[in-house]
Amino acid sequence: MRTLITNINQLHQVTSNTTIPTTIAGAEMAYIPHIDNAWLAIENGIILDYGAMSSLTDINADEILDATGRMVLPAWCDSHTHLVFAAPREGEFVDRIKGVSYEEIARRGGGILNSARKLNLMDEQQLYEQSMERLHQVMAQGTGAIEIKSGYGLSTEGELKMLRVIRRIKENVQIPVKASFLAAHAYPHEYKENKQAYIQLIIDTMLPRVAGEGLADYMDVFCEQGFFGIEETEQLLEAGWKYGLKPKIHANQLHYSGGVQVGVKHNALSVDHLECVGDAEIAALKGSTTIPTLLPGAAFFLGIQYQPARKIIDAGLPVCLASDYNPGSCPSGNVPLLLTIACTQLKMTPEEAINAVTINGAAAMELSEAMGTITRGKKANLILTHKIPSLAYIPYDYGNNPVYRMLY
Ligand code: NIG
Ligand code: FE
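Now for a description of the structure that goes with this document. (Residues numbered from 1 in each chain as written. Chains lettered and ligands numbered in written order. Predicted model: local features only at pLDDT ≥ 70, side-chain atom pairs only at ≥ 80, totals over all residues. Heavy atoms only, no water.)

1. Regarding the overall build of the protein
Looking only at helices and strands, one finds 15 helices and 15 strands in the protein. In terms of overall dimensions, the protein has C-alpha extents of about 70 × 45 × 45 Å along its principal axes. Residues classed as buried in the protein amount to 60% of the 408 residues present. Restricting to contacts in the protein with at least 6 residues of sequence separation, those with at least 24 account for 74%. Per element, the accessible surface of the protein, about 15,400 Å² overall, is 51% carbon and sulfur. Taken together, the 33 basic and 44 acidic charged side chains of the protein have centroids lying 2 Å from each other. (Helix = DSSP H or I, 4+ residues; strand = E, 2+ residues; numbered from the N terminus. Buried < 20%, exposed > 50% of the residue type's maximum accessible area, 1.4 Å probe, protein only. Contact = heavy atoms within 4.5 Å. Areas by Shrake-Rupley, 256 points an atom, 1.4 Å probe, with all protein chains shown as cover. Lys, Arg positive; Asp, Glu negative; His and termini not counted. Charge placed at Lys NZ, Arg CZ, Asp CG, Glu CD.)

2. A look at the coordination of the iron ion (ligand 2)
Four donors placed tetrahedrally about a metal ideally form angles of 109.5 degrees, and six donors placed octahedrally ideally form angles of 90 or 180 degrees. Bound to the iron ion (ligand 2) are the protein donor atoms His80 (NE2), His82 (NE2), His250 (NE2) and Asp324 (OD), situated 2.1 to 2.2 Å from the metal. Motif for the iron ion (ligand 2), donor spacing along one chain: H-x1-H-x167-H-x73-D. You can see histidine 80 sitting in the loop between strand 6 (76–78) and helix 1 (90–97) and its partner aspartate 324 sitting in the loop between strand 13 (320–321) and helix 12 (335–346), a full 244 residues away along the chain. Neither histidine 80 nor aspartate 324 differs from the other in exposure class; each is buried. (Donors = N, O, S within 2.8 Å, 3.2 Å for Na, K, Ca; no water.)

3. Comments concerning the pattern of salt bridges
One pass over the structure, following the stated rule, counts 17 salt bridges. Measuring nitrogen to oxygen at the nearest pair gives 2.7 Å for the salt bridge that ties lysine 149 to aspartate 220. Here lysine 149 is found in strand 7 (residues 143–149), whereas its partner aspartate 220 is found in strand 9 (residues 218–223), with 71 residues between them in sequence. Given a relative accessible area of 0%, aspartate 220 falls into the buried group. (Salt bridge = Lys/Arg side-chain N within 4 Å of Asp/Glu carboxyl O.)

4. Notes on the packing of aromatic side chains
Taken as a whole and judged by the stated rule, the model has seven aromatic pairs. Ring geometry for tyrosine 393 and tyrosine 396: centres 5.5 Å apart, planes at 45°, overall tilted. Separated by three residues within a single helix, tyrosine 393 and tyrosine 396 lie in helix 15 (residues 393–396), roughly one turn from each other. One aromatic cluster is present, formed by Tyr187, Tyr191, Tyr198 and Phe228 through successive ring pairs. In this structure, arginine 134 packs its charged tip against the face of phenylalanine 85, placed 3.5 Å from the ring centre. The ring centre of tyrosine 128 lies 3.9 Å from the NZ or CZ of arginine 168, which sits over that ring. (Phe/Tyr/Trp six-rings, centres within 6.5 Å; stacked < 30°, edge-to-face > 60°. Lys NZ or Arg CZ within 6 Å of the ring centre and 35° of its normal.)

5. Looking at the nonpolar core
Soluble globular proteins tend to bury their nonpolar side chains together. In this structure, Leu135, Ile169, Phe181, Phe228, Leu236, Leu321 and Met348 are the most contacted members of the largest nonpolar core, which totals 101 residues. For this core, the element with the most residues is helix 6 (residues 195–212), which contributes seven residues. No fewer than three residues from each of domain 1 (2–75 + 373–407) and domain 2 (77–363) sit in this core. Setting aside residues no more than four positions away along its own chain, phenylalanine 181 makes contact with Ser150, Glu159, Leu163, Ile202, Met206, Leu207, Val210, Ala216, Tyr218, Met219 and Asp220. Counting residues in each nonpolar core, the second largest holds 18 residues, with Ala67, Val72, Ala380 and Leu382 among its members. (Core = buried A, V, L, I, M, F, W, Y, C linked by side-chain atoms within 4.5 Å. Domains from an automatic or database assignment.)

6. Quick look at the state of the cysteines
Defined simply, a disulfide is a covalent bond joining two cysteines at their sulfur atoms. Scanning the model with the defined rule gives zero disulfides in all. Here cysteine 276 is not disulfide-linked; the sulfur of cysteine 223 is the nearest cysteine sulfur, at 12 Å. Cysteine 320 forms no disulfide, and the closest cysteine sulfur to it belongs to cysteine 77, at a distance of 8.8 Å. (Disulfide = S-S within 2.5 Å.)

7. As for the pairing of strand 3 (residues 46–52)
Bridge analysis of strand 2 (residues 34–43) against strand 3 gives six bridges, and the strand direction is antiparallel. Looking across to strand 3, one finds that alanine 38 is bridged to alanine 52. The hairpin formed by strand 2 and strand 3 contains two residues between the paired strands, and asparagine 44 there has a positive phi angle of roughly 50°. (Pairing = 2+ DSSP bridges.)

8. As for the sheet that holds strand 9
Ordered by their spatial adjacency, eight strands build an open sheet running 6-7-8-9-10-11-12-13, and the pairing between neighbours is parallel. Two strands bound the open sheet, and with one partner strand each, they are strand 6 and strand 13. Relative to strand 9, strand 8 (residues 177–184) is paired through three bridges, and the arrangement is parallel. Residue alanine 184 lies in a different strand from strand 9, and its bridge partner there is valine 221.

9. A look at the site of ligand 1
Residues in close proximity to ligand 1 total 15 residues, the closest being Arg89, Tyr102, Tyr152, His185 and Ser329. Between ligand 1 and serine 329, the relevant distance is 2.6 Å, taken from an oxygen atom to a side-chain nitrogen or oxygen of the residue. Most atoms of ligand 1, that is more than half of them, are within 2 Å of grid points of the largest cavity. Residues of the shell around ligand 1, tallied by class, amount to four nonpolar, nine polar and two charged. (Near = heavy atom within 4 Å. Polar contact = N/O pair within 3.5 Å; in protein donor to acceptor, adjacent residues only side chain to side chain. 1 Å grid on protein atoms, 1.4 Å probe; cavity = no way out; pocket = protein on both sides within 12 Å on 5 of 7 lines; lining within 4 Å. Sits in = over half its atoms within 2 Å of the grid points. Nonpolar A, V, L, I, M, F, W, Y, C, P; charged D, E, K, R; others polar.)

10. Details of helix 6
For helix 6, built from 18 residues, the straight-helix expectation of 26 Å at 1.5 Å per residue is met to within 8% by its first-to-last C-alpha distance of 25 Å. Residues of helix 6 that are buried: Tyr198, Ile199, Ile202, Ile203, Met206, Leu207 and Val210. Residues of helix 6 that are buried make contact with helix 5 (156–172), strand 8, strand 9 and helix 7 (230–242). One or two residues past the end of helix 6 sits glycine 214, with phi positive at roughly 60°. (Expected span 1.5 Å × (residues − 1).)

11. A few points about the packing of helix 3 (residues 112–121) against helix 5
A packed helix pair is summarised by two numbers, namely the angle formed by the two axes and the spacing between the axes. It is the contact of helix 3 with helix 5, at a shortest axis distance of 10 Å, that shows an interaxial angle of 75°. As the angle between them shows, helix 3 and helix 5 are arranged roughly perpendicular. Contact with helix 3, carried on its side by Leu119, Asn120 and Leu121, involves Gly158, Lys161 and Met162 of helix 5 and no other residues of that element. Broken down by class, the residue content of the contact of helix 3 with helix 5 amounts to three nonpolar, two polar and one charged. (Axes fitted to C-alpha atoms, helices over the stretch in contact; angles between N-to-C directions. Parallel < 35°, antiparallel > 145°, perpendicular 65-115°, else oblique.)

12. Some details on the environment of lysine 347
Within the secondary structure, lysine 347 is located in the loop between helix 12 and helix 13 (350–357). Lysine 347 sits 39 residues away from proline 308 along the chain, and the two C-alpha atoms are 9.0 Å apart. Lysine 347 has contacts with Arg310, Ala342 and Glu352, leaving out every residue within four places of it along the chain. Engagement of the side chain of lysine 347 in a polar contact is seen with the backbone oxygen of threonine 344, the distance being 2.9 Å.

Right, dumping it as structure tokens:
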């Protein structure tokens with residue numbers, strides 16, 4: 001099956017095979033290479049070739065799409081989500097409007113524990129069906145690769161159920177899906193007085209089963225005061241590595257917790273959230289390959305301070321953006337809206353923000369060989385936009401969907 005897209009107003013993020021970057025960092029993030037008035041050929045879901053219209057000679061195709069006035073760009077790579085969950089938590093949203101903090105709600109047994117109660121009661125089929133519905137919704141907004149976490153089971157069976165749902169999703173969608181094991185998301189009520197026993201349950205019972213069934217790609221921990229401290233995080237990351245699970249952790253959301261440093265020390269693929277980042281965190285990230293991943297959708301929805309994206313980029317580091325789609329702190333996986341928040345609140349330029357969810361999003365899921373740029377041989381997971389005047393129009397046109405049609 002060959003598809004030819006012609007008369008593309010602008011084809012964005014074009015990179016030749018010889019110069020494929022893993023992450024794009026610092027000042028380079030300000031630039032997105034493009035071709036005006038372009039064509040692109042796809043064969044069996046893979047990018048075959050592209051160029052300026054003046055170079056188009058072979059117009060043999062099963063389908064020809066005239067993209068006059070439209071942009072084509074690589075689909076978003078959303079590297080941090082909790083898309084599998086049982087129920088929304090709009091009651092807590094109202095409590096927070098009335099002044100109760102996210103941490104206080106968690107202390108009262110709401111928050112993650114609230115989600116865990118509901119998830120453990122829900123059967124696997126229903127969980128799968130409603131998660132697939134959510135996934136199709138974000139795919140229609142441009143998402144073309146996604147990471148999904150467990151972490152609302154908090155019991156052996158609950159965590160395995162979530163991870164099996166993620167595996168089924170993987171098997172039934174056209175986009176790449178990565179799974180992270182996040183049993184260390186909160187302490188279940190019955191372990192409140194014996195936290196080490198829960199950590200041992202994760203290490204001795206859950207991890208061997210998760211690894212045995214090949215259910216996870218990454219090991220995640222909510223490293224935060226009141227959740228999992230530095231020592232606990234280290235124990236868990238070391239245990240994950242024994243099964244080949246690379247860390248990808250929640251760090252420095254609510255406090256300067258040392259989470260960034262512990263992630264770097266244990267060779268995390270990424271450290272995510274990063275509302276609290278100062279000079280020590282920047283110093284730790286420099287010289288490491290750990291990708292700083294910002295989740296401003298959560299900061300927006302919780303009304304807490306935003307991540308210092310400028311400070312991180314200006315230090316020459318890469319920045320990745322991800323949605324954090326979850327029922328508590330960010331009930332939206334809408335990447336175009338995330339781009340708007342990144343531009344207006346984090347003062348990232350549209351090019352920086354788009355680099356952060358394409359090239360750097362792919363890198364934060366180890367998908368650089370297949371995703372993130374328009375490159376011959378990569379997957380043709382692409383966004384064909386509505387008729388828009390420029391790339392900057394995508395975050396500018398906030399709350400609206402730039403997608404005219406997705407190609408996979
Ligand atoms: O990334 N911070 C920890 N976990 C999620 C929120 C989970 C929840 O509230 O359900 C997050 O923000
Ligand atoms: Fe998260």
